Amino acid sequence: MTTASPPSTAVPVHQKVAELAAATIVPLQQGYLADRSPAVAALARLRRGAGREAGELPDLWGLVDIGPLHTRTGESRALSERELTGAENALHAALTLWAFHQQSRGAPMHRRHTRDRPFGLGAAVRRLMPADDVDEPVRKRLVRAGAAPDLVTLTLRLRDIVALLRRDDVPLDYGLLAGQLYTWQWPDGPSAVRRSWGRSFHEQVRAAAASDENTTQDSHTDKDAS
């Protein structure tokens with residue numbers, strides 16, 4: 001008699017990267033918003049790494065604990081050198097973009113993405129536009145980022161988008177973005193990430209429509225009750 005194997009509990013690498021990015025950003029963000037000196041200094045160091053390759057600046061060595069990437073849990077295996085390099089590149093890009101986004105902002109610019117409250121890149125870009133129209137120049141920035149030939153170019157193009165998000169105080173899920181930047185570095189990764197951004201863009205449209213519908217229903221309820 002053959003016994004079925006239990007389901008694997010191994011965590012996908014892109015999810016590990018996403019979780020590590022969020023776990024790194026959340027306490028830094030809380031500290032920065034509370035004006036705690038260590039967090040403010042860390043943010044300044046991260047900003048200096050924007051647009052540079054991971055490991056290029058010795059000042060950033062040790063600032064991000066990548067130990068969890070080397071830790072094996074459950075059925076997880078040790079990551080290959082290529083996987084570790086891709087994970088470090090994705091973390092560096094996401095954290096430096098967040099630091100640029102958070103600079104001088106009094107509200108958290110990293111917000112966790114959920115189905116009801118989408119904060120993926122596509123949703124964030126859609127929030128830059130009028131509710132009833134599509135801003136073509138802004139949309140083309142997202143398309144241009146999606147067509148980047150490599151991670152360095154992608155990061156630079158994302159920085160242009162983040163500058164707009166920062167201007168309008170639009171948050172973004174940088175954990176989710178970090179996982180996507182990891183995926184981007186693998187065959188067929190860019191197309192998968194572009195699809196995710198497209199879905200996120202339309203999730204925001206649906207969420208906004210649902211919010212408007214609820215507001216209208218509440219308004220009618222108030223009128224009926226009066």
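Nothing here was measured: the structure is a model prediction, and the numbers come from that model. (Residues numbered from 1 in each chain as written. Predicted model: local features only at pLDDT ≥ 70, side-chain atom pairs only at ≥ 80, totals over all residues. Heavy atoms only, no water.)

A few words on the overall build of the chain. Per the secondary structure count, the chain includes 9 helices and 0 strands. When its helices and strands are written in sequence order, the chain yields α-α-α-α-α-α-α-α-α. Going through the 226 residues of the chain one by one, you find that 38% of them count as buried. For the chain, contacts bridging at least 24 residues in sequence account for 72% of all contacts bridging at least 6. Approximately 12500 Å² of the chain is accessible, and the part contributed by carbon and sulfur atoms is 52%. (Helix = DSSP H or I, 4+ residues; strand = E, 2+ residues; numbered from the N terminus. Buried < 20%, exposed > 50% of the residue type's maximum accessible area, 1.4 Å probe, protein only. Contact = heavy atoms within 4.5 Å. Areas by Shrake-Rupley, 256 points an atom, 1.4 Å probe, with all protein chains shown as cover.)

On to the packing of aromatic side chains, then. Per the stated rule, a full pass over the model turns up 2 aromatic pairs. Pairing Tyr182 with Trp186 gives two aromatic rings, centres 6.0 Å apart and planes at 50°, and the pair type is tilted. With a centroid separation of 6.1 Å and an interplanar angle of 20°, the aromatic rings of Trp184 and Trp197 are classed as stacked. Pair noted here: Trp184 is in helix α8 (residues 174-184) and Trp197 is in helix α9 (residues 189-225), with a separation of 13 residues, a long-range link. Exposure remark for Trp184: the relative accessible area of 4% places this residue in the buried category. (Phe/Tyr/Trp six-rings, centres within 6.5 Å; stacked < 30°, edge-to-face > 60°.)

For the rest of this paragraph, the subject is unusual backbone geometry. Within the chain, Asp169 stands out as a residue other than glycine whose phi angle is a positive 55°. You can see Asp169 is positioned in the loop between α7 (151-167) and α8.

Turning our attention to the packing of helix α1 (residues 13-33) against helix α4 (residues 81-102). Here α1 crosses α4 at 30°, and the two axes come no closer than 10 Å. In terms of orientation, α1 and α4 fall into the roughly parallel class. Here α1 runs over α4; the crossing is right-handed. Seen from α1, the contacting residues are Val13, Val17, Leu20, Ala21, Thr24, Ile25, Leu28, Gln29, Tyr32 and Leu33; seen from α4, they are Glu83, Ala87, Ala90, Leu91, Leu95, Trp98 and Gln102. (Axes fitted to C-alpha atoms, helices over the stretch in contact; angles between N-to-C directions. Parallel < 35°, antiparallel > 145°, perpendicular 65-115°, else oblique. Left-handed = near helix turned anticlockwise from the far one by under 90°.)

The subject of this paragraph is the pattern of salt bridges. All told, the structure shown has 3 salt bridges when counted by the stated rule. Residues Arg139 and Glu136 are paired through a salt bridge, measuring 3.0 Å at the closest nitrogen-oxygen approach. A residue pair is termed a helical-turn pair when its members lie 3 or 4 positions apart in one helix, as Arg139 and Glu136 do in helix α6 (residues 136-146) at 3 residues. Residue Arg167 pairs with Asp168 through a salt bridge whose shortest N-O separation is 2.9 Å. (Salt bridge = Lys/Arg side-chain N within 4 Å of Asp/Glu carboxyl O.)

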